[in-house]
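Here is how the chains run, residue by residue.
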Amino acid sequence: MHRRRRTAFLLSAALVTAAPLLTACGSDAHPGAAAVVGDDRITVSQLENRVNEVRTAQRAATKGEAQYEQAIAKSGGLARDTLHGMVLDRVLHRAAQDADVTVTRKEIQQARAGLEEQAGGAKAFEVTWLQRYGVPPERIDDNLRVQIEAQKLAARLGADTSQPAFWKSLSEASKKLGVDVNPRYGTWDVEKSSRVDAKLPWLREVTQTESQQPA
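Points about the overall build of the protein
The helix and strand tally for the protein stands at nine helices and three strands. The order of α-helices and β-strands along the protein, N terminus first, is α-β-β-α-α-α-α-α-α-α-β-α. The buried share of the protein, taken over its 215 residues, is 45%. Here the protein has roughly 11100 Å² of accessible surface; of this, 49% comes from carbon and sulfur atoms.

Concerning helix α7 (residues 140-156)
In this model, α7 (17 residues) spans 24 Å end to end at C-alpha, consistent with the 24 Å of a helix rising 1.5 Å per residue. Of all the residues in α7, the buried ones are I140, D141, N143, L144, V146, Q147, I148, E149, A150, Q151, L153 and A154.

A word on the pattern of salt bridges
According to the stated counting rule, one finds 13 salt bridges in the structure shown. Linking E107 and K152 is a salt bridge whose minimum nitrogen-to-oxygen distance equals 3.1 Å. Residue E107 is found in helix α5 (residues 105-119), and its partner K152 is found in helix α7; the two are separated by 45 residues along the sequence. Judged by relative accessible area, which is 24%, E107 ranks as partly exposed. Residues E116 and R112 are paired through a salt bridge, measuring 3.0 Å at the closest nitrogen-oxygen approach. Of this pair, E116 and R112 both sit in helix α5, separated by four residues, roughly a single helical turn.

Re the packing of aromatic side chains
Evaluation of the coordinates by the stated rule reveals three aromatic pairs. For the pair F125 and W129, a centre-to-centre distance of 5.0 Å together with 45° between the ring planes defines the contact as tilted. Remark: W129 and F125 occur in helix α6 (residues 122-133); sequence separation between them is four residues, near one turn of the helix. Exposure remark for F125: the relative accessible area of 2% places this residue in the buried category.

Some remarks on the packing of helix α4 (residues 78-98) against helix α8 (residues 164-177)
Close contact between α4 and α8 brings their axes to 8 Å; oriented N to C, the two are set at 100°. Considering their axes alone, α4 and α8 lie roughly perpendicular with respect to each other. In this structure, α4 contributes L88, R90, V91, L92, R94, A95 and D98 to the contact, and α8 contributes F166, S169, L170, A173, S174, K176 and L177. A class-by-class count of the residues in the contact of α4 with α8 yields eight nonpolar, two polar and four charged.

Conventions adopted
- Each chain has its residues counted from 1, running along the sequence as written.
- Local features in this predicted model are restricted to residues whose pLDDT is 70 or higher, and side-chain atom pairs enter the listing and the counts only when it is 80 or higher, whereas totals over whole chains, interfaces and linings include all residues.
- Heavy atoms throughout the structure, all of them, feed into the side-chain values; hydrogens and water do not.
- Helical segments are the DSSP runs of H or I of at least four residues, strand segments are the runs of E of at least two, and each set is numbered from the N terminus.
- Each residue gets one of three labels from its accessible area relative to the maximum for its type: buried under 20%, exposed over 50%, partly exposed in between, using a 1.4 Å probe on protein chains only.
- Accessible surface is estimated by sampling points in the Shrake-Rupley manner with a 1.4 Å probe; for residues, cover comes only from the protein chains shown.
- How far a helix is expected to stretch is found by multiplying one less than its residue total by 1.5 Å.
- Salt bridges are defined by distance alone: a side-chain nitrogen of Lys or Arg within 4 Å of a carboxyl oxygen of Asp or Glu.
- Paired rings are identified among Phe, Tyr and Trp, the last through its six-membered ring, by centres lying within 6.5 Å, and are further divided according to the angle between planes into stacked (under 30 degrees), edge-to-face (over 60) and tilted (the rest).
- Axes here mean lines fitted to C-alpha atoms, for a helix over just the part in contact, with angles spanning 0 to 180 degrees between N-to-C directions.
- Any angle between 65 and 115 degrees counts as roughly perpendicular, while under 35 counts as roughly parallel, over 145 as roughly antiparallel, and the rest as oblique.
- In what follows, a contact means two residues having at least one pair of non-hydrogen atoms within 4.5 Å.
- All amino acids are sorted into three groups, where Ala, Val, Leu, Ile, Met, Phe, Trp, Tyr, Cys and Pro are nonpolar, Asp, Glu, Lys and Arg are charged, and the leftover types, Gly among them, are polar.

Structure follows, in structure tokens:
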């Protein structure tokens, strides 16, 4: 895979999984739900299972209790961040559908093969994705689908994932879906879906890396 293309995937992954928790108003109208996105109900149990997947993967990837505790410390607020990702994935998918954007299994496999080669092997890639983005091995393909979907949606809009046109499409999708987040985990700000904070250190670092790659 082209180096610039691979770096773009890293930027998209950071954007989707490390963006600040966006804050329409949550309510107690859906007992047992962490969030409701359109007709899709994300239960507290489903959220907890996702968090446990990350913790289990972190335990397996670390040596000893001290390293595991360090991994936990670096991923504070995991439940809120995980829910943010689960909601944003659905909002992004709706925006992609509205733009007639689809992702094939072959595209996911090709993206993964390129990233594994860049990381130095499948295992190293899995560890990298876990440490950087909090994505456990069993969720990597789903996460890559999101990254490709984001890139293709941005391209369809004649923009990239840091530009207002991209985030405006997510804002419109949020309005159509009527996202409702349990106040325990925050709220969903439809308008902020149209914004990206370019001053975030991780965004600046990855953007600089991309600009240094040969064409």
